There are 2 protein chains.
Amino acid sequence: MHPLGRVTIGDVARTAGVSVATVSKVINGRYGVAAATSSRVRAVIEQLGYESSLVARSLRSHRTHVIGILVAEFEPYSTELLKGTSTGVTGTGYELLAYSGGGRAGEDVGWERRYLSRLSGTLIDGAILVTPTVVDVQFGIPVVAVDPHTGPSGLPTVDSDNLAGAVTATEHLINLGHKRIALLGGRPDLESARLREEGYRQAMGAAGIPVDDDLVRVGGYRPGTSDRPARELLTLAQPPTAVFAANDLSAIRVMEIAQTLGFRIPQDLSVIGFDNVPESTMSRPPLTTIRQPLQQMGAEAMRMLIDLIDGKEREPHLCLPTELVERDSCGPPRC
Amino acid sequence: MHPLGRVTIGDVARTAGVSVATVSKVINGRYGVAAATSSRVRAVIEQLGYESSLVARSLRSHRTHVIGILVAEFEPYSTELLKGTSTGVTGTGYELLAYSGGGRAGEDVGWERRYLSRLSGTLIDGAILVTPTVVDVQFGIPVVAVDPHTGPSGLPTVDSDNLAGAVTATEHLINLGHKRIALLGGRPDLESARLREEGYRQAMGAAGIPVDDDLVRVGGYRPGTSDRPARELLTLAQPPTAVFAANDLSAIRVMEIAQTLGFRIPQDLSVIGFDNVPESTMSRPPLTTIRQPLQQMGAEAMRMLIDLIDGKEREPHLCLPTELVERDSCGPPRC
DNA sequence: CTGTTAGCGCTTTCAC
DNA sequence: GTGAAAGCGCTAACAG
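Residues numbered from 1 in each chain as written. Chains lettered and ligands numbered in written order. Predicted model: local features only at pLDDT ≥ 70, side-chain atom pairs only at ≥ 80, totals over all residues. Heavy atoms only, no water.

Now for the overall build of chain A. Along the backbone of chain A there are eleven helices and twelve strands. Taken along its principal axes, the extent of the C-alpha atoms in chain A is 85 × 40 × 30 Å. Within chain A, the fraction of its 335 residues that count as buried is 56%. The contacts of chain A with a sequence gap of at least 6 include a subset with a gap of at least 24, amounting to 68%. (Helix = DSSP H or I, 4+ residues; strand = E, 2+ residues; numbered from the N terminus. Buried < 20%, exposed > 50% of the residue type's maximum accessible area, 1.4 Å probe, protein only. Contact = heavy atoms within 4.5 Å.)

In C-alpha cells:
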C-alpha cells in the first residue's frame, strides 16, 4: 500500500490476486467476471477502503456523473443558486462540483470559458454557468446559463423577469407618493441591469413623471462599487426621496451611506433593492426588495441541464416571475 | 482540432510545429525554451483558446493549487461557510472546488472519506471537511475539519463555542422568567449537540431549575427530523413555555408547528435557535438565536489549511466565540 | 534549446 | 473468465 493512505486500483488488484482490468470490471459491473472473483475483489475494496479516483476515471471514460456549477465567486447570489441546484440534483444520481476562482474572476471577462476548458471533456458531464460574461455557443459539453450578462442568446438560459420586477419596484415607490426617484443601476454591459433601468423608465413614463437624469447613476453589483454614486446621489442639492438600487447589496450600501449622512430610513429616504438575497433581511431596516426565485432558478437550471445531457428537447429559455417583498425600507415621502 | 471545441496540448503543439513537451514547458514557465519559440507557442495558445486540463495535469503533477471544500449538501450552514472560504482564499493563488454528493450523503456516515478518496492525491492540494462524521487521522493530503461530529480529535479543527452558546441561550430564556424550558436537541452522536445539551443542563442547574426529562427531546439537524419530537413537546399536558432548539432550522420548524397548534410566538411560546443562518431572519417571527460566526469560521479554516499546505506550524484547534442575537421569537412567559 | 520516453490511475478492446 | 496492452492529456526526466 502507498505511503499516505492513497489506495489505487493496483493495490486492490495485487491484494486480491487479480489483474487491474478485472478489478475495473467488478467496479463497473461489467459482465464476464466469476461470482467468486467478484465477491473476493469486493471484499478487498471494502477492506482497503478503496474509492476510484474521479480524475483518473474521467480522463479515460468521459462520463463522470458529476455536474459542474461554475461561479466567479461564492457570494450570496451564487450560493442561493447553489442551494437550488442541490435540491434539483437529489435523486438524479449526479454529484455536484462547484468551482470558483480565487476571487480574481470577478473583474475578469471570460472566466467561464477558462474554467470550462479546465474542467470539461473530463471531470464534468455538463455545466451550469452562473452569470457568465460571454456565452460562446460552442462548449463541448451541455451547458446552461443562469442570468447571463448578455441576456439569453444561443445557450439554454434560466433567468427571471427583470423588466417586470423593475416596473414593480418603481411603481411601488410611485404608489407610496414618491416623485424624485433615483436609480442606482448596474453595469451597462449587463443585460439584467439594462432591463432594470428600462423597467424604471417605463414605470416613470407610465406615471407621467419625467426622469431627472441627475438621479440615474451607474453602480456595480460588487461591494464598494456603488459607494461613490450613492454618495453623489444623496449629496445632491435636491436629493431623491427614494432610491431603486439594482441589486440588494448596493441597496444595503445605499442605506448605510444614507444613515451616515443623517437620513432616517424610511422617513427621509425610501430604498428598494432587487434579488431578495438572505442578507436583505439582516439590514437595518430590513430591505424592501424584488424577489428573484434564486433557489428555484438553480433547481430549474439543473433540470434543464440533465434533460440536455439525456438528449431531451427543451424550451431553451426559462424566465421565472419576480415579486415584491415588502419589508421596512420604504414609506411615503416626507414632502 | 477536435470535434467539439476541446483543444488539447497536442493541438497546440501541432499548430505551433513543436513537441508537446515544449508546449508544456512554456505553459509552466520552465527554463530552456527559446524566446521566439515561446512567443509563437503563446500566440497559438491564445488563438486556439487553449486551457490545460486540470484533470490531466493533476494526474501527473500532484500539485494543482485547488482546494476542496467537501460538504454533504449545499444548505444554509455549508453555504455560509463557503462564503467565508471564498473570502479567505482571495489573494492566495488557490482556486476553490466545492464538492457535494447528490443529497444522499446526509444519511451516510463516512461520506467524507469517500469524497476525499475520489478527489485527493489528484485534483486537490488540501481539503476542508464540513461537519464530517468520522475523522480518520490519515488522509494523504492536508485536511482541516469544521465542526466535526465527534469534536476535535487528531485533525486540525475549527469550531465555535457550543457549550458557552448553549448556556447563553438557556440563560436568556431563564432571565426572561421561563422555568419550563424544553430542549430539542440534535443527534446524540454529534459532539456539538452533546455540548449544547450540556450547556442547557449547566444553565438550568446554575439557576436551580430542575430539568424535567419529558422536556428533553432528540431532533435532528435536517428538515423533517424534528417534526415529531416538536409536536410531542407541544402537545404535552403541561407544555413548555420556551424551547431551545439545537439549530435554527429545527427552531423554525418548532415555530411553524407551534403556530399550527394555535400557539402565538412569543406570547404563548418562546423559541431560541442556534447558528444564525440567514434563514433565521426570514421566519415569522424572526428568530432569536445564537450566532456562530460561520463565515469567519470558513475563512479561518482556509487560512489554517493553507498554512498546513505550506508546512507552517499551527495551533490545531481554533474555537470561535458565539453570541446572542435577539430578534422576536422570545419573550416573558404568559402567566 | 528541443524532442523522445515513460507513466500518473483508470477503462477498454482483444487475445488467451 | 481473465489479463496484457494501449491510451486519455499532461509533466518530468533524459537524450540529443
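Next comes the rest of the account.
This paragraph deals with the packing of helix α1 (residues 9-16) of chain B against helix α3 (residues 35-48) of chain B. Residues and elements named next belong to chain B. α3 packs onto α1 with a crossing angle of 125° between their chain directions and a minimal axis gap of 9 Å. Looking at the two axes, α1 sits oblique to α3. Here α1 and α3 pass one another in a crossing that is right-handed. Between α1 and α3, the contacting residues are Asp11, Val12, Thr15 and Ala16 on the first element and Arg40, Val41, Val44, Ile45 and Leu48 on the second. Residues of the contact of α1 with α3, tallied by class, amount to six nonpolar, one polar and two charged. (Axes fitted to C-alpha atoms, helices over the stretch in contact; angles between N-to-C directions. Parallel < 35°, antiparallel > 145°, perpendicular 65-115°, else oblique. Left-handed = near helix turned anticlockwise from the far one by under 90°. Nonpolar A, V, L, I, M, F, W, Y, C, P; charged D, E, K, R; others polar.)

Bringing the pattern of salt bridges into the picture now. Tallying each qualifying case throughout the model produces 46 salt bridges over all chains. Among the ionic pairs, Glu51 of chain A bridges to Arg114 of chain B, the shortest N-O distance being 4.0 Å. Here the residue Glu51 of chain A occupies a position in the loop between α3 (35-48) and α4 (54-61), and Arg114 of chain B occupies one in helix α6 (residues 111-119), the pair thus bridging two chains. In this structure, Glu256 of chain B engages Arg253 of chain B in a salt bridge whose closest nitrogen and oxygen atoms are separated by 2.5 Å. With Glu256 of chain B and Arg253 of chain B both in helix α10 (residues 248-260), this residue pair falls three residues apart, about one helical turn. According to the relative accessible area criterion, Arg253 of chain B is partly exposed, its value standing at 27%. Each member of the salt-bridge network shares a partner with another, and the members are Glu51 and Glu95 of chain A together with Arg114 and Arg118 of chain B. (Salt bridge = Lys/Arg side-chain N within 4 Å of Asp/Glu carboxyl O.)

This part takes up the relation of the copies chain A and chain B. For the pair chain A and chain B, the relating rotation is 180°, the translation along its axis is 0.1 Å, and the fit reaches an RMSD of 0.1 Å. These values place the two chain copies in the arrangement generated by a two-fold rotation axis. Here 100% of the contact residues of chain A are again contact residues in chain B; the copies associate through an equivalent surface. (Least-squares fit on C-alpha atoms with pLDDT ≥ 70 in both.)

Glancing now at the UniProt feature "domain: HTH lacI-type" (unreviewed entry) in chain A. Per the UniProt record, "domain: HTH lacI-type" (unreviewed entry) is annotated on residues 7-61 of chain A. Helix makes up 69% of residues 7-61 of chain A and strand makes up 0%, while its end C-alpha atoms are separated by 20 Å. (UniProt positions renumbered as here; feature names shortened; annotations may be inferred.)

For the rest of this paragraph, the subject is the protein's contact with DNA strand C. Neighbouring DNA strand C are 24 residues, the closest being Ile9, Tyr50 and Arg60 of chain A together with Thr37 and Arg60 of chain B. Considering the 4 Å shell around the protein, atoms of DNA strand C inside it are sugar or phosphate in 56% of instances. Between DNA strand C and the protein, one listed contact pairs a phosphate oxygen with a side-chain N or O atom of Ser24 of chain A at 3.0 Å. One of the side-chain nitrogen or oxygen atoms of Thr22 of chain B is found 3.0 Å away from a phosphate oxygen of DNA strand C. Of all the elements in the fold, those that place two or more residues in the surface near DNA strand C are α2 (20-27) and α4 of chain A together with α2 (20-27) and α4 (54-61) of chain B. Of the residues belonging to the surface near DNA strand C, the class tally is ten nonpolar, nine polar and five charged. (Near = heavy atom within 4 Å. Polar contact = N/O pair within 3.5 Å; in protein donor to acceptor, adjacent residues only side chain to side chain.)

On to the interface of chain A and chain B, then. The partner chain B presents 51 residues to the 51 residues of chain A that form the contact. Both faces combined, the contact of chain A with chain B buries some 4400 Å², and carbon together with sulfur accounts for 54% of it. One can count six salt bridges joining chain A with chain B. Our count for the contact surface shared by chain A and chain B stands at 14 residue pairs in polar contact (both at pLDDT 80 or more). Breaking the side of chain A that touches chain B down by element, the ones donating at least two residues are α4, α5 (76-89), β2 (95-100) and α6 (111-119) of chain A. Across five bridges, β2 of chain A lies against strand β2 (residues 95-100) of chain B in antiparallel orientation. (Buried area = accessible area lost by both parts, 1.4 Å probe. Pairing = 2+ DSSP bridges.)

What follows covers α2 of chain B. Residue and element names in this part refer to chain B. The complete set of buried residues in α2 reads Thr22, Val23 and Val26. One side of α2 holds all its buried residues, which, seen down the axis, span an arc of 100°. Here the buried face of α2 lies against α1 and α3. Count one or two residues on from α2 and you reach Gly29, which has phi positive near 60°. (Arc of directions from axis to C-beta.)

Of all residues adjacent to DNA strand D, which total 26 residues, the nearest are Ala34, Thr37 and Arg60 of chain A together with Ile9 and Tyr50 of chain B. Put simply, 60% of the atoms of DNA strand D that lie within 4 Å of the protein are in sugar or phosphate. Contact distances for DNA strand D include 2.9 Å between a phosphate oxygen and a side-chain N or O atom of Ser24 of chain B. Between a base oxygen of DNA strand D and a side-chain N or O atom of Arg60 of chain B, the distance comes to 2.9 Å. Those elements that provide at least two residues to the surface near DNA strand D are α2 and α4 of chain A together with α2 and α4 of chain B. It is α4 of chain B that provides the largest number of residues to the surface near DNA strand D, a total of five residues. Class assignment for the residues of the surface near DNA strand D results in eleven nonpolar, ten polar and five charged.

Let us look at the domain arrangement of chain A. Domain annotation for chain A reports domain 1 (9-52), domain 2 (66-160 + 294-318) and domain 3 (162-292). For domain 1 of chain A and domain 2 of chain A, the distance between their C-alpha centroids amounts to 36 Å. (Domains from an automatic or database assignment.)

Another aspect to go through is the pairing of β2 of chain B. Residue and element names in this part refer to chain B. The buried fraction of β2 amounts to six of the six residues, a majority that puts the element mostly inside the structure. Burial along β2 is two-sided: the face carrying Glu95, Leu97 and Tyr99 and the face carrying Leu96, Ala98 and Ser100 are both buried. Bridging between strand β1 (residues 66-71) and β2 involves six bridges; their strand directions are parallel. Across the sheet, Ile67 pairs through a bridge with Leu96, a residue of β2. You can see the chain leave β1, run along helix α5 (residues 76-89) and come back into β2, and the turn it takes is right-handed. (Right-handed = clockwise from strand over helix to strand, strands pointing away.)

Moving on, we get to the packing of aromatic side chains. For the structure shown, the criterion picks out six aromatic pairs over all chains. Seen in terms of ring centroids, Tyr99 of chain B and Tyr115 of chain B are 5.2 Å apart; in terms of plane orientation they differ by 85°. Their pairing is edge-to-face. Of the two residues, Tyr99 of chain B sits in strand β2 while Tyr115 of chain B sits in helix α6, which places them 16 residues apart along the sequence. Tyr115 of chain B matches Tyr99 of chain B in its accessibility class, with the two residues each being buried. Measuring from centroid to centroid gives 6.5 Å for Phe244 of chain B and Phe274 of chain B, while their planes differ by 35°, and the two rings are tilted. Highlighted residues: Phe244 of chain B in strand β8 (residues 242-245) and Phe274 of chain B in the loop between β9 (270-272) and β10 (289-291), separated in sequence by 30 residues. Both residues of the pair, Phe244 of chain B and Phe274 of chain B, count as buried. Counting every residue linked through ring pairs, the aromatic cluster contains Tyr99, Trp111 and Tyr115 of chain A. (Phe/Tyr/Trp six-rings, centres within 6.5 Å; stacked < 30°, edge-to-face > 60°.)

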